[in-house]
Amino acid sequence: DLDADAVARPAVVTIMGHVDHGKTSLLDALRESAVAAGEVGGITQHIGAFQVPLPDSGTSLTFLDTPGHAAFSAMRARGASLTDIVVLVVAADDGVMPQTREAFGHAAAAGCPIVVALTKCDREDCDLERVKRQLMAEGLELEESGGNVQVIATSATTRAGLPELETALLLQSDLMQLRASPTRPAEGTVVEARVDKGQGPVATVVVQRGTLTVGDVIVAGQEWGRVRALRDARGESLDSAGPGTPAEISGLKGAPMAGDELVVVPSEERARRVSEKRSER
Ligand code: GTP
Ligand code: NA
Ligand code: MG
């Protein structure tokens, strides 16, 4: 970002990997909550977005969860384009599988640095060396073989490896020197949207540049509206959301689509015209 007032921003880290390899559990362990335990059938149906503060370093990381099943390839492709760092999750008992390869492909195509998290390392049937050989056979250049991809052995169950994973992500994010202006009109990307019975259309967005503020007039894909409320992943109200920050917004007239770009515009009149023009396409 070339703006003169650009400041450091949190990295956007996307968790990708094969179905049931432990993406949501790993993320839960990192933020010490229990999303995976509450999911229908333990299957992630959407991309969640939340920020994990890392008190030791005084910074935060923004995490996006993605579904592993084959039907969600497009979401993983969109996730990769919004992402600064991909955590490629590979279950250490199962090894490289089709969606592992696909996720690696998206990350490579987007030019995203990768950190590999070997998950379920508490299981007796896991074989770390076998998985590392598989990863190298796929073309990943692992640090222990002179490349720059770190591999971290983790367990969501025992919490082993979590500090090492956080350290690897912070190191990678420091190397990238991620910066963005907090003052310009906000731009971001929609990661999921739904129509809530009480609140109407609700979209989860990650702000990439600028600061999104309650009262802003926005266009997201073909939809427009005025931001009525902003919330974080726990449902707490926010006054504003700056660069690298995820937020749930209400106030749109309709639900945009995952992957849609969000921009702030100067007036409702302008927003209406932009969204009409986009709907004609
Ligand atoms: P999808 O979103 O459906 O692709 O799955 P996911 O990759 O998010 O995996 P999820 O976190 O739902 O975990 C899948 C299964 O693996 C669940 O039964 C978890 O309890 C189990 N699991 C996840 N992490 C660990 C771990 O560290 N150790 C053990 N033993 N089991 C784990
Ligand atoms: Na699952
Ligand atoms: Mg999941």
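Calculation notes
Think of each chain on its own: its residues are numbered from 1, step by step along the sequence as written. Note on labels: chains are lettered from A, ligands numbered from 1, in written order. At least 70 in pLDDT is required for a residue's local features to be given in this predicted model, at least 80 for side-chain atom pairs to be given and counted, and no such filter applies to totals for whole chains, interfaces and linings, which use all residues. Counting from the N terminus, the helices are DSSP H or I runs at least four residues long and the strands are E runs at least two residues long. With C-beta atoms placed from the backbone, a residue counts as buried when 20 or more other C-beta atoms lie within 10 Å of its own, as exposed when 12 or fewer do, and as partly exposed for counts between those limits. In these notes, a nonpolar core means any group of buried Ala, Val, Leu, Ile, Met, Phe, Trp, Tyr and Cys residues linked to one another through C-beta atoms within 7 Å. We call two residues in contact when their backbone-placed C-beta atoms lie within 7 Å. Two strands are counted as paired when DSSP detects at least two bridges linking them. An axis is simply a line fitted to the C-alpha atoms; with a helix, the fit covers only the stretch in contact. Between two such axes, the angle follows the N-to-C directions and lies from 0 to 180 degrees. The hand of a helix crossing depends on one turn: near helix anticlockwise from the far one by less than a right angle means left-handed, and clockwise means right-handed. Under the scheme applied, nonpolar residues are Ala, Val, Leu, Ile, Met, Phe, Trp, Tyr, Cys and Pro; charged residues are Asp, Glu, Lys and Arg; polar residues are all the others, including Gly. As a per-residue quantity, pLDDT reports the predictor's confidence and falls between 0 and 100.

Looking up the protein in an unreviewed UniProt entry gives the name Translation initiation factor IF-2, mitochondrial, with the organism given as Symbiochloris irregularis.

As a further point, take the environment of Glu276. If you trace the backbone, Glu276 turns up in helix H7 (residues 268-280). Take Glu276: there are 11 C-beta atoms within 10 Å of it, and that puts it in the exposed class. As a C-alpha pair, Glu276 and Lys197 span 79 residues in sequence and 25 Å in three-dimensional space.

Quick look at the nonpolar core now. Val86, Leu88, Val90, Val116, Leu118, Val205 and Ile218 are the most contacted members of the largest nonpolar core, which totals 69 residues. The residues touching Val90, leaving out its near neighbours within four places in the chain, are Gly17, His21, Gly95, Val96, Thr100, Val116, Leu118, Thr119 and Val131.

Once that is clear, we can look at the sheet that holds strand S5 (residues 85-91). Within the open sheet, the six strands sit side by side as S3-S4-S2-S5-S6-S7. Their pairing is mixed. For this open sheet the edge positions go to strand S3 (49-54) and strand S7 (151-153), each flanked by a neighbour on one side alone. Sheet twist, expressed as the mean angle between neighbouring strand axes with direction ignored, is 25°. Examined bridge by bridge, S3 and strand S4 (residues 59-65) share six bridges and lie antiparallel to one another. Within S4, the position partnered with Ala49 by the bridge is Leu64. Sitting on the sheet, helix H3 (residues 73-81) is in contact with strand S2 (11-17), S4 and S5, with an inclination near 155° to S2.

Another point: helix H1 (residues 23-31). Of all nine residues in H1, seven are buried; the element is thus mostly enclosed. For H1, every residue scored as buried is listed here: Lys23, Thr24, Ser25, Leu26, Leu27, Ala29 and Leu30. Where H1 ends, the next residue or the one after it, Glu32, has phi of about 50°, a positive value.

Here Arg159, not a glycine, exhibits a phi torsion of approximately 70°, which is positive. With respect to the helices, strands and loops of the structure, Arg159 is situated in the loop between S7 and helix H6 (162-176). Given 13 C-beta atoms within a 10 Å radius, Arg159 is considered partly exposed. One non-glycine residue with positive phi stands out, namely Gln177, at about 45°. The topology assignment puts Gln177 in the loop between H6 and strand S8 (179-180).

Attention now moves to the packing of H3 against helix H4 (residues 98-109). Their axes nearest at 9 Å, the elements H3 and H4 cross at an angle of 35°. The interaxial crossing formed by H3 with H4 has right-handed handedness. On H4, the residues that touch Ser73, Arg76, Ala77 and Ala80 of H3 are Glu102, Ala103, His106 and Ala107. Of the residues assigned to the contact of H3 with H4, the class counts are four nonpolar, two polar and two charged.

What follows is about the pairing of strand S10 (residues 200-209). One ladder, built from nine bridges, connects strand S9 (residues 187-196) with S10; its direction is antiparallel. In the strand pairing of S10, Val195 is matched with Pro201. Connecting the antiparallel pair S9 and S10 is a turn made up of three residues. Two elements, S10 and strand S16 (residues 246-252), share five bridges in a ladder whose sense is antiparallel. Residue Ala203 lies in a different strand from S16, and its bridge partner there is Ile249.

Attention now moves to the confidence of the model for the protein. On average, residues of the protein score 91 in pLDDT, and 95% of them are at 70 or above. Among the prediction metrics, the complex's ipTM stands at 0.99, with pTM recorded as 0.92.

A separate point is the environment of Val207. Inspection of the secondary structure assignment puts Val207 in strand S10. Here Val207 falls in the buried class, since 27 other C-beta atoms lie within 10 Å of it. Other than its neighbours up to four places away in sequence, Val207 contacts Ala186, Gly188, Leu212, Ala241, Gly242, Pro243, Thr245 and Ala247.

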